[in-house]
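# A structural walkthrough
Listed below are the residues making up each chain.
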Amino acid sequence: MQIDLGNVLDTASVHGVSRETLERLDDRVAAAHDRIERGRETDEHGYASLNLPSSTDPAEIREAVGGFENPSAIVTVGIGGSALGAATLTDALDSDVEAHYLDNVDPEAVASLLDSLDLGSTVVNVVSRSGTTAETLANFLVVQEAMDDAGVDWADRTFVTTGEEGNLRDLANQHDLPVLPVPDGVPGRFSVLSTVGLAAAALCGHDIEAVLEGAAAQEARLSDSLFDSPAYAYGAVCFALAERGYTANAMMPYAESLETFSEWFAQLWAESLGKDGLGQTPLRALGATDQHSQLQLYRAGPRDKLVTLVRATDREDVSIPETDLDGLAYLGGSSLGELLDAEFEATEASLVAAGQPNVRIELDEVNEYGLGELLYAMETACVVYGELASVETFVQPAVEWGKRAARGLLGGGDFEEADAVADKERLIID
Ligand SMILES: O=P(O)(O)OC[C@H]1O[C@H](O)[C@H](O)[C@@H](O)[C@@H]1O
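Residues numbered from 1 in each chain as written. Predicted model: local features only at pLDDT ≥ 70, side-chain atom pairs only at ≥ 80, totals over all residues.

### Remarks on the overall build of the protein chain
Here is the rule: Going along the chain from the N terminus, every DSSP run of H or I of four or more residues is numbered as a helix, and every run of E of two or more is numbered as a strand. Radius of gyration: over C-alpha atoms. The globule rule applied is 2.2 Å multiplied by the number of residues raised to the 0.38 power. Backbone-placed C-beta atoms define the burial measure: a residue is buried with 20 or more other C-beta atoms within 10 Å of its own, exposed with 12 or fewer, and partly exposed in between. A pair of residues counts as a contact when their C-beta atoms, built from backbone coordinates, are separated by no more than 7 Å.
On a plain count of helices and strands, the protein chain comes out with 18 helices and ten strands. Relative to the 2.2 N^0.38 estimate, which gives 22 Å for 430 residues, the radius of gyration of the protein chain is 23 Å and therefore close to what a compact globule would have. Along the three orthogonal principal directions, the C-alpha set of the protein chain runs to about 60 × 60 × 55 Å. For the protein chain, buried positions account for 44% of its 430 residues. Within the protein chain, contacts between residues at least 6 apart in sequence are counted, and of these 77% link residues at least 24 apart.

Below, the structure written as structure tokens:
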């Protein structure tokens, strides 16, 4: 995997992030690296996530999923960091086992998924770090009932991933369900390389050891200079641009297999860095499709966006048949991959011509190893950005406010946040 910052330097006269800016920032990156290393050495909350390439035991995960014979599907019941990492992997990789995610409580979507599955051959993985998230527990109760109604022993087809305490742990104990522990010190959005993110991939037959190897390769690149570490370079550039008003970051992979990666990145970036009036708003785009919808804004709209373009250099290709239609001859004999690459290069050039900064991230291939590299690099980029911005990367008090308000409204406790919902001003136009 490599990260190319050339198009940031090329447009430096517009936004001010030049090579000299990065050289000046490098001392602060060295200090951030030192802080990160100290945190990793003591497995401090959050920093422990960056040790997962070696602290995760893939054999433990394989053992937990190995007892389910010939599953047709896995349904992961979880939300946020308890679903997006796993979904990023299984959506990027092909498997005969279907992977589904109940990460919302939209009743129509839940009912429709459960109706469509052969529940007798479906495995359920309920994932909640806290074990108390209302959406996850509610969905699990609905899944249990659907399995009961279908005459399926749900306890036989379910395994749980959770912490030592919480409602989900109680439920697992009560029904003697197999439990994979979530590692200490790893917030949900940094948990893709742990039991939380890897179980669904293992059940789908993916090489989770290779995911960890790819991550370890990026871990080995961490050093006290951004010029030696792709991940630090990306985090530092994003920070420097955000400081200069580039407060949005459009993640734009040119691979449909990476569409869910953009969702995962959005949680990582938003929940970790959106604090104290700071942060960089993650946007989600897909190349080449969104060239035809969002690119107009990215090129000619407010100068507040970095565009991050991601692609794999090695992939399957489909040739475009020859045609004798006038004007289309240029397509014949080339391939869809070549067309996609041409679109990628054209988008980069178009942004540069307009002075809009963009970064190119290239993987060799969208496979387990490449995904491990990409995910670990983005996590580290996020952590170094958080250090440079002096925000508390590993907490999410704003999200928890909403969780308490929702529970209060449902009568799940006496939370003062729920009163704020009742007291809200309204302006209804009917
Ligand atoms: O894993 P859980 O405890 O159920 O949490 C699931 C999600 O809940 C909240 O929304 C947090 O802000 C997320 O960071 C977390 O990933």
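### Let's talk about the environment of A146
Relative to the helices and strands, A146 resides in helix 8 (residues 134-149). Along the primary structure A146 and A111 are separated by 35 residues, whereas in three dimensions their C-alpha atoms are 9.2 Å apart. Those residues within four positions of A146 in sequence are excluded, and the remaining contacts are L114 and L119.

### Describing the domain arrangement of the protein chain
Heads up, the rule is: Domain start and stop positions are those given by an automatic or database domain assignment. Each residue gets one of three labels, nonpolar for Ala, Val, Leu, Ile, Met, Phe, Trp, Tyr, Cys and Pro, charged for Asp, Glu, Lys and Arg, and polar for the others, Gly among them.
In terms of domain boundaries, the protein chain breaks down into domain 1 (2-37 + 213-389) and domain 2 (57-182). For domain 1 versus domain 2, the distance between C-alpha centres works out to 32 Å. The partner domain 2 presents ten residues to the eleven residues of domain 1 that form the contact. When contributions to the side of domain 1 that touches domain 2 are tallied by element, the ones reaching two or more residues are helix 13 (259-273) and helix 16 (368-389). Considering only residue class, the side of domain 1 that touches domain 2 consists of five nonpolar, three polar and three charged.

### Quick notes on the site of the ligand
To be explicit about the condition: Near residues are defined by distance alone, with the backbone-placed C-beta atom required to lie within 6 Å of the molecule or strand.
The immediate surroundings of the ligand are formed by 14 residues, with G80, G81, S130, T133 and G188 found nearest. Among the residues forming the shell around the ligand, the class breakdown is two nonpolar, nine polar and three charged.

### Describing the pairing of strand 4 (residues 122-128)
In terms of burial, strand 4 is largely enclosed, as seven of its seven residues are buried. Of the two faces of strand 4, the one carrying T122, V124, V126 and S128 and the one carrying V123, N125 and V127 are both buried.

### Some remarks on the environment of E164
Inspection of the secondary structure assignment puts E164 in the loop between strand 5 (158-162) and helix 9 (167-175). Sequence-wise, E164 and S130 are 34 residues apart; in three dimensions their C-alpha atoms are separated by 8.8 Å.

### Side note on the pairing of strand 10 (residues 358-363)
Put simply, the rule is: Strands pair, by our definition, only if DSSP identifies at least two bridges between them.
Across three bridges, the pairing between strand 1 (residues 2-4) and strand 10 is antiparallel. From the neighbouring strand, Q2 faces strand 10, where its bridge partner is E362. Of the pairings in the sheet, the one linking strand 9 (residues 305-312) to strand 10 comprises six bridges and is parallel in character. Considered in strand 10, the bridge of V310 is made with I361.

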